[in-house]
Amino acid sequence: MQHEIATPLADRSPTIVVVENLVKRFGGFTALNDVNLTVAKREKIVLCGPSGSGKSTLIRCINHIEKHDGGRIVVDGVELTDRMADINGVRSEVGMVFQSFNLFPHLSVVENCMLAPMKVRGLSRPEARERAMDLLRKVRIHSQADKYPAQLSGGQQQRVAIARALCMQPKIMLFDEPTSALDPEMVKEVLDTMVQLAAEGMTMVCVTHEMGFAREVADRVVFMDQGSIVEEADPETFFRAPRTQRAKGFLNQIIH
Amino acid sequence: MNSLDFSILLQAWPYLWSGLLFSLALTAAAFVIGMLLGTCFALVQHFEVPVIARIVRAYIALIRSIPLILVLFWFFFLVPIVLGHLYGNGRPIPIGATWTAFITFGLFEAAYYSEIIRVGLRAVNKGQFEACQALALSTFDTYRCVILPQVIRVASPIILSQTIILFQDTSLVYVLSLTDLLGAASKLAQLNGRLVEMYLVVAVVYLAISSAASQCVASLRRRYPLTGAHK
């Protein structure tokens, strides 16, 4: 209900995600400390930073896989709270791609893509299958539609995971180090898919160390360290002339 | 001592067959009841449902620490007395040997299947739950369509092993004077005095069925290795 009321407002708003003063703790460890981030519709943001800097935690908070301890998160006009009855209303608008793919091993590729549209969106089996095949074609893996995830390479599995998320027709896509678990020769096929998606106008927040991708696609690079956003800039500025010492140190390390 | 004479089998066969059918029916019923109830028990513990999870844990610990034969006696002698106090004037209400067997085996096996499924639930990769969350699947659909099918697959060799044990344990209904495969054989043996032949024959039947099922377990293990089955 809350969601339905909020949608018309959200449609007029230029932003899709607003994060304000976000705090997230794991026990005594503060993973996110007073983080502020606004994502505009159709914007592509690359989040980078050393491991443990909180970048994955930040995007996991955006679809409430991690529950935040302080601050506000508003997604598509709806504030995320622990008490909210219909978190799935928000989640169904937010696609997520994981480092370890997390495909369902007991379902075929096409069934992986059909499950949520049928259960959450109420599509019939033929409708869900048609949509799944369209999107599998888009990520160029439709010829493998009836195989099982374990029969595919890592790059192919990740492209299926992207198609699976797209089948929900999300308003924003979150990528959590989508190429980190891949063999080097498979990174490109996944990045190409993401570039194509970006070109079609999808709103994207990507945690990645692929700096070529960041240069090509990102409107903004957000650099995090120790749970805080340290620096934000367009990719050209960020890579050529990082302002902070920490960003300089980080860039030196990953360019090696 | 006479030499072995298996010709009596020709007459004995129909009675043994009906005994075998009872054993198989009891196994099947206990499997279905045990799996359904056991899955519920496992989920109650998995979700840490207040109070109920504790009761379920105590129940499982109790059932698993007493012999099946004792549980059979309990049900056979105690439940009629309890029912009598609840619904009558204190006179025991007999529930009959057959009902006792089906109910007891179902409840008993539930405790064992529940442990198998509970362990299986813990073995499911955290990423599977997160993927379901990210796709906005309801908790019900998450478990029904994603988590439990994987648990059942990975645990199927252990579930089947437990079911083989269950099939052999059905012979304990002997103590309730029910005619299962072993019961049929022993009654015939006492009638015709051919103890050795009868007990040899039922042993072969148990062996054949159990080893066929074990072959299934082995092939399941090859198909779904227990560790690192799928990423």
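Parameters at a glance
- Residues numbered from 1 in each chain as written.
- Chains lettered and ligands numbered in written order.
- Predicted model: local features only at pLDDT ≥ 70, side-chain atom pairs only at ≥ 80, totals over all residues.
- Heavy atoms only, no water.
- Helix = DSSP H or I, 4+ residues; strand = E, 2+ residues; numbered from the N terminus.
- Buried < 20%, exposed > 50% of the residue type's maximum accessible area, 1.4 Å probe, protein only.
- Contact = heavy atoms within 4.5 Å.
- Areas by Shrake-Rupley, 256 points an atom, 1.4 Å probe, with all protein chains shown as cover.
- Lys, Arg positive; Asp, Glu negative; His and termini not counted.
- Charge placed at Lys NZ, Arg CZ, Asp CG, Glu CD.
- Axes fitted to C-alpha atoms, helices over the stretch in contact; angles between N-to-C directions.
- Parallel < 35°, antiparallel > 145°, perpendicular 65-115°, else oblique.
- Left-handed = near helix turned anticlockwise from the far one by under 90°.
- Nonpolar A, V, L, I, M, F, W, Y, C, P; charged D, E, K, R; others polar.
- UniProt positions renumbered as here; feature names shortened; annotations may be inferred.
- Pairing = 2+ DSSP bridges.
- Phe/Tyr/Trp six-rings, centres within 6.5 Å; stacked < 30°, edge-to-face > 60°.
- Expected span 1.5 Å × (residues − 1).
- Arc of directions from axis to C-beta.
- pLDDT = per-residue confidence, 0-100.
- Buried area = accessible area lost by both parts, 1.4 Å probe.
- Salt bridge = Lys/Arg side-chain N within 4 Å of Asp/Glu carboxyl O.
- Polar contact = N/O pair within 3.5 Å; in protein donor to acceptor, adjacent residues only side chain to side chain.
- Patch = residues over 30% accessible without salt bridge, like charges linked within 9 Å, V, L, I, M, F, W, Y side chains within 5 Å.

1. Some details on the overall build of chain B
Consideration 1: Tallying secondary structure elements over chain B gives eight helices and zero strands in all.
Consideration 2: Start at the N end of chain B and walk to the C end: the helices and strands fall as α-α-α-α-α-α-α-α.
Consideration 3: For chain B, the C-alpha atoms occupy an extent of roughly 75 × 55 × 25 Å along the three principal directions.
Consideration 4: Looking at chain B as a whole, 43% of its 231 residues are labelled buried.
Consideration 5: Of all intrachain contacts in chain B linking residues separated by at least 6 positions in sequence, the fraction that spans at least 24 positions is 77%.
Consideration 6: Element-wise, carbon and sulfur atoms account for 70% of the exposed surface of chain B, whose accessible area totals about 12200 Å².
Consideration 7: Seen as two clouds, the 15 positive and the 9 negative side-chain charges of chain B have centres 8 Å apart.

2. Some points on the packing of helix α1 (residues 8–46) of chain B against helix α7 (residues 181–192) of chain B
Residues and elements named next belong to chain B.
Consideration 1: Look at α1 against α7: their axes get within 7 Å of each other, and the N-to-C directions meet at 150°. As the angle between them shows, α1 and α7 are arranged roughly antiparallel. Crossing angle aside, the handedness with which α1 passes α7 is right-handed. Judged by residue contacts, Ile8, Ala12, Tyr15, Leu16, Gly19, Leu20 and Ser23 of α1 engage Leu181, Ala184, Ala185, Lys187, Leu188 and Asn192 from α7.
Consideration 2: Looking at the contact of α1 with α7 residue by residue, the class counts come to nine nonpolar, three polar and one charged.

3. Here's the deal with the UniProt feature "transmembrane region" (unreviewed entry) in chain B
Consideration 1: As recorded in UniProt, the sites labelled "transmembrane region" (unreviewed entry) are residues 20–44, 65–87, 93–113, 158–178 and 198–220 of chain B.
Consideration 2: A distance of 35 Å separates the end C-alpha atoms of residues 20–44 of chain B, which is 100% helix and 0% strand.

4. Remarks on the sheet that holds strand β10 (residues 228–233) of chain A
Backbone-to-backbone hydrogen bonds pair the strands of a sheet. The strands run either parallel or antiparallel.
Residue and element names in this part refer to chain A.
Consideration 1: Taken in spatial order, the six strands of this open sheet run β6-β7-β8-β3-β9-β10, and their pairing is mixed. Edge positions in the sheet fall to β6 (94–97) and β10, since each of these pairs with one other strand and no more. If you compare each strand with its neighbour and ignore which way they point, the axes differ by 20° on average.
Consideration 2: The pairing of strand β3 (residues 44–48) with strand β9 (residues 220–225) spans four bridges and is parallel.

5. Focus on the UniProt feature "domain: ABC transmembrane type-1" (unreviewed entry) in chain B
Consideration 1: The positions that UniProt labels "domain: ABC transmembrane type-1" (unreviewed entry) are, in the present scheme, residues 20–213 of chain B.
Consideration 2: Within residues 20–213 of chain B, the helical portion is 81% and the strand portion 0%, while the C-alpha atoms at the span's ends are 16 Å from each other.

6. Focus on the packing of aromatic side chains
All names here are of chain A.
Consideration 1: Across all of its chains, the model carries 13 aromatic pairs over all chains by this definition.
Consideration 2: Judged by centre distance (5.3 Å) and plane angle (45°), the ring pair of Phe223 and Phe250 falls under tilted. Here Phe223 is found in strand β9, whereas its partner Phe250 is found in helix α10 (residues 245–255), with 27 residues between them in sequence. Taken as a pair, Phe223 and Phe250 share a single burial class, namely buried.

7. A word on the sheet that holds strand β4 (residues 70–75) of chain A
Residues and elements named next belong to chain A.
Consideration 1: Taken in spatial order, the four strands make up an open sheet running β2-β1-β4-β5, and their pairing is antiparallel. The open sheet is flanked by β2 (29–40) and β5 (78–79), the only strands paired with a single partner.
Consideration 2: Against the sheet, helix α2 (residues 55–62) touches β1 (15–26), β2 and β4, its axis set at about 120° to β1.

8. Focus: helix α7 (residues 184–199) of chain A
Residue and element names in this part refer to chain A.
Consideration 1: For α7, built from 16 residues, the straight-helix expectation of 22 Å at 1.5 Å per residue is met to within 8% by its first-to-last C-alpha distance of 24 Å.
Consideration 2: Listed as buried for α7 are Met186, Val187, Val190, Leu191, Thr193, Met194, Leu197 and Ala198. The arc enclosing the buried residues of α7, seen along the axis, measures out at 155°, which places them on a common side. Those residues of α7 that are exposed and angled more than 90 degrees off the buried face are Glu185, Lys188 and Ala199.
Consideration 3: Against the buried residues of α7 lie β3, α5 (125–138), α6 (154–166), β7 (172–176), β8 (203–207) and α8 (211–217).
Consideration 4: Gly201 sits one or two positions beyond α7 and adopts a positive phi of about 95°.

9. Notes on the confidence of the model for chain A
Residues and elements named next belong to chain A.
Consideration 1: In the predicted model, chain A carries a mean pLDDT of 91, and 95% of its residues have values of at least 70.
Consideration 2: When mean pLDDT is taken per element in chain A, β7 scores highest with 97 and helix α1 (residues 2–12) scores lowest with 49.
Consideration 3: Low pLDDT, under 50, characterises residues 1–7; the predicted model gives this stretch eight contacts beyond four residues in sequence or across chains.

10. A look at the interface of chain A and chain B
Consideration 1: Listed as interface residues are 22 residues of chain A and, on the opposing side, 21 residues of chain B.
Consideration 2: For the pairing of chain A and chain B, the buried interface totals around 1900 Å² over both sides, and the portion due to carbon and sulfur atoms is 63%.
Consideration 3: One can count one salt bridge joining chain A with chain B.
Consideration 4: A per-class count over the side of chain A that touches chain B returns 12 nonpolar, six polar and four charged.

11. Looking at the side chain of Ser53 of chain A
All names here are of chain A.
Consideration 1: Here Ser53 is to be found in the loop between β3 and α2.
Consideration 2: Of the residues examined, Ser53 reaches a relative accessible area of 1% and is grouped as buried.
Consideration 3: Among the polar contacts listed, one links the side chain of Ser53 to the backbone oxygen of Pro50, at a separation of 2.7 Å.

12. Section: a nonpolar patch on the surface
Residue and element names in this part refer to chain B.
Consideration 1: Where nonpolar side chains cluster on the molecular surface, the patch consists of Leu62, Leu70, Phe73, Trp74, Phe77, Leu78, Ile81, Tyr174 and Val175 and spans about 770 Å² of accessible area.
Consideration 2: With six residues, the single largest contributor to the nonpolar patch is helix α3 (residues 68–87).
Consideration 3: Given the relative accessible area of 43%, Leu78 is considered partly exposed.

13. Some words on the pattern of salt bridges
Consideration 1: Taken as a whole, this structure holds 22 salt bridges over all chains when the rule is applied.
Consideration 2: Ionic pairing is found between Glu93 of chain A and Arg121 of chain A, a salt bridge with its closest N-O pair at 3.8 Å. Of this pair, Glu93 of chain A sits in the loop between α3 (87–91) and β6 while Arg121 of chain A is found in the loop between α4 (109–119) and α5, placing the two residues 28 residues apart along the sequence.
Consideration 3: In this structure, Lys126 of chain B and Glu130 of chain B form a salt bridge, with 3.3 Å as the shortest nitrogen-oxygen distance. Highlighted residues: Lys126 of chain B and Glu130 of chain B, both in helix α5 (residues 126–134), separated by four residues, approximately one helical turn.
Consideration 4: Accessibility expressed as a relative area gives 56% for Lys126 of chain B, which makes it exposed.
Consideration 5: Note on Glu130 of chain B: relative accessible area 9%, which makes it buried.

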